[in-house]
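# Commentary on secondary and tertiary structure
The lines below spell out each chain.
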Amino acid sequence: DSIPLQHGAHRSGNRTDADMARWRSLRFGQFVHWGLYAIAGGEWNGKIYNGAAEWIRSWKEMPTAVYDQLYKQFNPVNYHPEQWAQQAKDMGAGYMIITTKHHDGFCLWPSKYTRYTVAASPYKKDIIGPMVEAYNKKGIDVYLYFSIIDWNHPDWRTSLKTPADSAAYKRFKVFVKNQLTELLVKYPTVKGFWFDGTWDDSWKNDGAFSDELEQYLQKLHPGLIIGSRLRADERGARHFDSNNHLMGDYEQGWERKLPEQPADVHGNDWEGVMTIPENQWGYHAHWLGHIKSSNELIEMLVKSTSLGGNFVLNFGPKADGTFRSEEVQRMQEIGNWMKVNGSAVYGASEAGLGKPDWGYYTRRGDSVFMVVFNVPVSGNLRVKLPAKTTLAEASASGQPVTPELIGKNEYFIPVGNAPRHAPFVILLQTSRAAGAEGGHF
Ligand SMILES: C[C@@H]1N[C@@H](c2cn(-c3ccccc3)nn2)[C@H](O)[C@@H]1O
């Protein structure tokens, strides 16, 4: 490490504790972006906002004073968290990330540190508590999204230009610490925080605070899982410190994009978060551009598993608490696929066999999963195993498949080329000869 750092990474290599092992094994999460922006739904005064719906407050066509009054309309009469949790369970999500407070500063829990919360809305009641309870009851872990940026708070600053700015921001940091403490005390079963809005100079130039905050939260709630987006080191480096070591428990920079190859993730734990439309997190009445199909989204999930990372799919409920039909359809379609093929994802990781033309390898122990997206015209899937690894048997949906040995440790798996409308999985049971080199494939 060429640069001495006080507030850089404090650990090299991945966490090996049980909480992190559980996070890693779940592989598939549901993101939910819900808040006042769902009332506007990406439009105002008959004009459509082309940006991300949750950023409409920054649109010049929408007066901030108007946005800041939307809380008086927040009354999700169709909000049924147990239904939300059931549909997430049916989709196959193992964890869920909920926006407690997005950049606009509106809190979905009755925080005692600001009046800008659900308590001031016609709905009045806590949104977060019943949601955490409902999801946990279905066996789904909950993580809390928290935006450091807070456009509503008078002491928020994007940069510190004057002594008055510094005094205000000092107060703001106390507010942040108070709200995070409040969230952990009120919702002790949550497994971690998903921080966002940490790119401004005010935050970036205070690496010491982000470091102390992370350590404070870990002490308050041992085992907490926090990604790389929270921290900056004392030189303003984010995600990776000035010696290129990952800060936080996993790389949290994959937003609406995924790594292509193992070298892109350097052996670190990582998580990708993805939208169904091009770039909408909160509810937008008019989805413009490409809307990803369930097969596209399944491929992203499998690709993430094959590269040793988690995949989180985002949903933006409407202001009344219901989900749009495109989102319900995808939860059902993905869930139907996961019910049959989830074994290739849950508890699985990279196989160390490279990237085959026909799709992706994932692996759990000696079980190698071939997740097939592209059947070659020959109808034969080429498989090359490392030396000293023998293929015990192959099966598809429980039915045996007979591999053809075509070279040293090289096989053709015959699958025929009948038309298919969804990816499918071939399971290879392998065994490694005694003394096979290396701890893994
Ligand atoms: C998880 C996602 N992160 C938030 C975001 C992303 N960005 C952003 C800001 C500057 C450049 C690229 C992306 N701003 N806000 C989005 O609003 C959503 O919450």
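Residues numbered from 1 in each chain as written. Predicted model: local features only at pLDDT ≥ 70, side-chain atom pairs only at ≥ 80, totals over all residues. Heavy atoms only, no water.

Moving on to the site of the ligand. Neighbouring the ligand are H33, E54, W55, H102, H103, Y145, W194, D196, W199, E255 and W281. Y145 places a side-chain nitrogen or oxygen 3.4 Å from an oxygen atom of the ligand. A distance of 3.2 Å is found between a nitrogen atom of the ligand and a side-chain nitrogen or oxygen belonging to E255. When its residues are assigned to classes, the shell around the ligand shows five nonpolar, three polar and three charged. (Near = heavy atom within 4 Å. Polar contact = N/O pair within 3.5 Å; in protein donor to acceptor, adjacent residues only side chain to side chain. Nonpolar A, V, L, I, M, F, W, Y, C, P; charged D, E, K, R; others polar.)

Attention now moves to unusual backbone geometry. Keep in mind that most residues, glycine aside, have a negative phi and that most peptide bonds are trans. With a phi angle near 60°, R256 is a residue other than glycine that sits in the positive phi range. Tracing the backbone through its elements, the reader meets R256 in the loop between β8 (251-255) and β9 (270-274). With relative accessibility at 35%, the residue R256 sits in the partly exposed group. Of note, H266 is a non-glycine position whose phi angle comes to about 50°, a positive value. Among the structural elements, H266 can be located in the loop between β8 and β9. Exposure remark for H266: the relative accessible area of 53% places this residue in the exposed category. (Helix = DSSP H or I, 4+ residues; strand = E, 2+ residues; numbered from the N terminus. Buried < 20%, exposed > 50% of the residue type's maximum accessible area, 1.4 Å probe, protein only.)

Here the focus is the environment of G42. You can see G42 is positioned in the loop between α2 (37-40) and β2 (43-44). Residue classification places G42 among the buried positions, given a relative accessible area of 0%. Along the sequence, G42 and A53 sit 11 residues apart, while their C-alpha atoms lie 4.6 Å from each other. The contact partners of G42, leaving out residues within four places of it in the chain, are Y37, K47, I48, Y49, A53, I56, Y283 and H284. (Contact = heavy atoms within 4.5 Å.)

On to the packing of helix α4 (residues 81-91) against helix α10 (residues 325-341). For the pair α4 and α10, the least separation of the axes is 7 Å and the interaxial angle reads 45°. Judged by the angle between their axes, α4 and α10 are oblique. Contacts between α4 and α10 involve Q87, D90 and M91 on the former and, on the latter, V328, M331, I334, G335, M338 and K339. Partitioned by chemical class, the residues of the contact of α4 with α10 number five nonpolar, two polar and two charged. (Axes fitted to C-alpha atoms, helices over the stretch in contact; angles between N-to-C directions. Parallel < 35°, antiparallel > 145°, perpendicular 65-115°, else oblique.)

A few words on the packing of aromatic side chains. Pairs of aromatic rings are described using the distance from one ring centre to the other and the angle between the two planes. Under the definition given, this model contains 27 aromatic pairs. When the centroid spacing of 5.3 Å and the interplanar angle of 80° are considered together, the rings of F106 and Y116 count as edge-to-face. Remark: Y116 occurs in the loop between β4 (95-101) and α5 (128-137) and F106 occurs in the loop between β4 and α5; sequence separation between them is 10 residues. An identical accessibility class is assigned to F106 and Y116; each is buried. Geometrically, the ring pair formed by W254 and W270 is edge-to-face, given 6.2 Å between the ring centres and 65° between the ring planes. Taken together, the positions of W254 in strand β8 and W270 in strand β9 put the pair 16 residues apart, joining distant regions of the chain. Residue W270 is classed as buried on the basis of its relative accessible area, which comes to 0%. Taken together, the aromatic side chains of W34, Y71, F74, Y79, W84, F106, Y116, Y123 and F323 make up a single cluster linked through ring pairs. Positioned above the aromatic ring of Y216 is the side chain of K177, whose terminal nitrogen or guanidinium carbon lies 4.4 Å from the ring centre. Just above the ring of F424 sits the side chain of R420; from NZ or CZ to the centre is 4.1 Å. (Phe/Tyr/Trp six-rings, centres within 6.5 Å; stacked < 30°, edge-to-face > 60°. Lys NZ or Arg CZ within 6 Å of the ring centre and 35° of its normal.)

Turning to helix α9 (residues 294-306), a few remarks are in order. For α9, with 13 residues, the first-to-last C-alpha span of 18 Å sits near the 18 Å given by 1.5 Å per residue. With 10 of 13 residues buried, α9 is to be regarded as a mostly interior element. Those residues of α9 that sit buried are S294, L297, I298, M300, L301, V302, K303, S304, T305 and S306. Buried residues along α9 sit in contact with β1 (28-32), β9, β10 (310-315), α10, β11 (359-364) and β12 (367-372). Of the residues one or two after α9, G308 is the one with positive phi, at around 75°. (Expected span 1.5 Å × (residues − 1).)

With that out of the way, let us pick up the pairing of strand β16 (residues 404-407). The pairing of β16 with strand β17 (residues 410-414) spans three bridges and is antiparallel. From the neighbouring strand, E404 faces β17, where its bridge partner is F412. With antiparallel pairing between neighbouring strands as the criterion, β16 and β17 make up a hairpin whose turn holds two residues, including N409 at a positive phi of roughly 60°. (Pairing = 2+ DSSP bridges.)

Positionally, L405 belongs in strand β16. C-alpha of L405 to C-alpha of V383: the two residues are 22 residues apart in sequence and 9.6 Å apart in space. In contact with L405, not counting residues within four places along its chain, are E410 and Y411.

A few words now on the pairing of β11. With five of six residues buried, β11 lies mostly within the body of the structure. Pairing between β11 and β12: six bridges, direction antiparallel. Looking at the pairing, T362 lines up with F369 of β12. In this structure, the hairpin formed by β11 and β12 is closed by a connection of two residues, where G365 is found at a positive phi of approximately 65°.

Another point: the sheet that holds β4. Strand order in the open sheet made by the eight strands is β7-β6-β5-β4-β1-β10-β9-β8, with parallel pairing throughout. Unpaired on one side and paired on the other, β7 (225-226) and β8 mark the two borders of the sheet. Bridge count between β4 and strand β5 (residues 141-147): six bridges; the pairing is parallel. Its bridge partner lying in β5, Y95 is registered against D141. Packing of α9 onto the sheet brings it into contact with β1, β9 and β10, and relative to β10 it is tilted by some 150°.

Any link to function would need more than the numbers given here.
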